[in-house]
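So you can see what is in the structure, the chains are spelled out below.
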Amino acid sequence: FHVGGVASNIAAESNMVSNYDGILLIDELRTVQAQDAAGNAYDVVVSRQAEARIIDANTGILLSTPQSIAYGSKLFFQSGATVKKGDKICEWDPFNAVIISEVEGKLEFENMIENVTYKVESDEATGLRERIIIESKEKNKMPAAHIKDKKGEILKTYNLPVGAHLVVEEKQAIKTGDLLVKIPRAVGSAGDITGGLPRVTELLEARNP
């Protein structure tokens, strides 16, 4: 496989491409179906340990070493499919880890308290306001997102980690495969290094003298 990524802080689409003609096998695979803006359906990987490998169609001999498929990847081939050299098997966001809804229902937040468990930041360029989960001094207040059915029963709960950027709203109707949060993977450029300094200061202040 060839795995694309980010080089020298240049944005590149992260994906997995087949280096062989053969049969694609994926172990530990779980997917949900999502829809793009045009209404076209596609599969999203929601397992954490999915691994892809390619075997020879005639002999069954392994052609490639197993390669992990990232959670949240958009999958273009199912396990058992015939692939050719150069086929794109999956792709994912190179800059953000994500949390994907595995169920359909209505979203309700728990322990979402401004300036306690989350903060609001405005983007000067776009004017957009963003809610970001912060570390709370009240350890019993862990922010979470519940997806509930029409009876109000919780179908699925997702804990919201520190640094998560919310892309959904309270009471929003959620479909299977919808993106709930983005979590930046790393500092994007040297210019953003100062963004990490307050966190370093917090860590230092939290240490016992």
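Here, the structure is the one placed above.
None of these values were measured; they are calculated from a predicted model.

Definitions and limits used
Starting from 1, residues in each chain are numbered consecutively following that chain's sequence as written. Local features are withheld for residues below a pLDDT of 70 in this predicted model, meaning they are given only at 70 or higher, and side-chain atom pairs are given and counted only at 80 or more; totals for whole chains, interfaces and linings count all residues. Side-chain calculation: all heavy atoms of the structure are included, whereas hydrogens and water are not. Counting from the N terminus, the helices are DSSP H or I runs at least four residues long and the strands are E runs at least two residues long. Each residue is placed in one exposure class: buried if its accessible area under a 1.4 Å probe, protein chains only, is under 20% of its type's maximum, exposed if it is over 50%, and partly exposed if it falls in between. To be clear on the numbers: accessible area is Shrake-Rupley with a 1.4 Å probe, and residue cover counts the displayed protein chains and nothing else. DSSP-based pairing: two strands are paired if at least 2 bridges between them are found. The definition of a polar contact used here is a pair of N or O atoms within 3.5 Å, where within protein one atom must be able to donate a hydrogen and the other to accept one, and adjacent residues in sequence count solely through side-chain atom pairs. Cavities and pockets are defined on a 1 Å grid built over the protein atoms alone: a cavity is a set of grid points where a 1.4 Å probe fits but cannot escape, while a pocket is an open set with protein on both sides within 12 Å along at least five of seven lines, and lining residues are those with an atom within 4 Å of any such point. Grid points are joined across faces, edges and corners, and a volume is the space filled by probe spheres set on the points. Under the convention adopted here, Pro, Cys and the residues Ala, Val, Leu, Ile, Met, Phe, Trp and Tyr are nonpolar, Asp, Glu, Lys and Arg are charged, and Gly plus all remaining residues are polar. Each pair of aromatic rings taken from Phe, Tyr and Trp, with Trp reduced to its six-membered ring, is defined by centres within 6.5 Å and is described as stacked if the planes are under 30 degrees apart, edge-to-face if over 60, and tilted in the remaining cases. Consider the ring centre and the ring normal. A charge sits over the ring if Lys NZ or Arg CZ is within 6 Å of that centre and within 35 degrees of that normal.

Chemist: Can you lay out the overall build of the protein chain for me, pointing to particular residues and giving the numbers?
Modeler: For the protein chain, the count of helices and strands is 1 helix and 19 strands. Put simply, the protein chain has 209 residues, and 32% of those count as buried. For the protein chain, the exposed surface amounts to about 12900 Å²; the carbon and sulfur share of it is 49%.

Chemist: How would you sum up the sheet that holds strand β12 (residues 105-110)? Please name residues and give values.
Modeler: One key point about sheets: their strands pair by backbone hydrogen bonds, in either a parallel or an antiparallel sense. Reading across the sheet, the 4 strands line up as β16-β15-β12-β18 and stay open at both edges, with antiparallel pairing between neighbours. Edge positions in the sheet fall to β16 (154-159) and β18 (173-174), since each of these pairs with one other strand and no more.

Chemist: Give a detailed account of the environment of Lys-88, specifying residues and quantitative values.
Modeler: Take Lys-88: it is sitting in strand β10 (residues 88-92). Looking at Lys-88, the relative accessible area reads 29%, which means it is partly exposed. Separated by 3.1 Å, the side chains of Lys-88 and Glu-91 make a polar contact.

Chemist: Can you explain the pairing of β12? Please cite residues and give values.
Modeler: Where β12 and β18 come together, 2 bridges link them in antiparallel fashion. Of the residues in β18, the one forming a bridge with Lys-106 is Ala-173. Across 5 bridges, the pairing between β12 and strand β15 (residues 144-148) is antiparallel. Bridge pairing links Phe-109 to Ala-145 in β15.

Chemist: Summarise the layout of surface pockets; cite the residues concerned and give the values.
Modeler: If you add up the space inside the second largest pocket, you get close to 390 Å³. Among the elements that take part in the lining of the second largest pocket, strand β11 (residues 96-100) stands out by supplying 3 residues, more than any other. Residues that form the lining of the second largest pocket fall into these classes: 9 nonpolar, 4 polar and 7 charged.

Chemist: Now, about the packing of aromatic side chains: what can you tell me, with residues and values included?
Modeler: Applying the stated criterion across every chain yields a total of 0 aromatic pairs. Against the face of Tyr-71 rests Arg-48, its NZ or CZ located 3.7 Å from the ring centre. One Lys or Arg, Lys-74, reaches over the ring of Tyr-42 and ends 4.5 Å from the middle of that ring.

Chemist: So what's going on with unusual backbone geometry? Residues and values would help.
Modeler: Phi is mostly negative for residues that are not glycine, and the peptide bonds are mostly trans. At Glu-28, a residue that is not glycine, the phi angle is positive and equals roughly 55°. Mapped onto the elements of the fold, Glu-28 is located in the loop between β3 (22-27) and β4 (31-35). Its identity as a non-glycine residue notwithstanding, Asn-111 has a phi of 60°, on the positive side. Structurally, Asn-111 can be placed in the loop between β12 and β13 (118-122).

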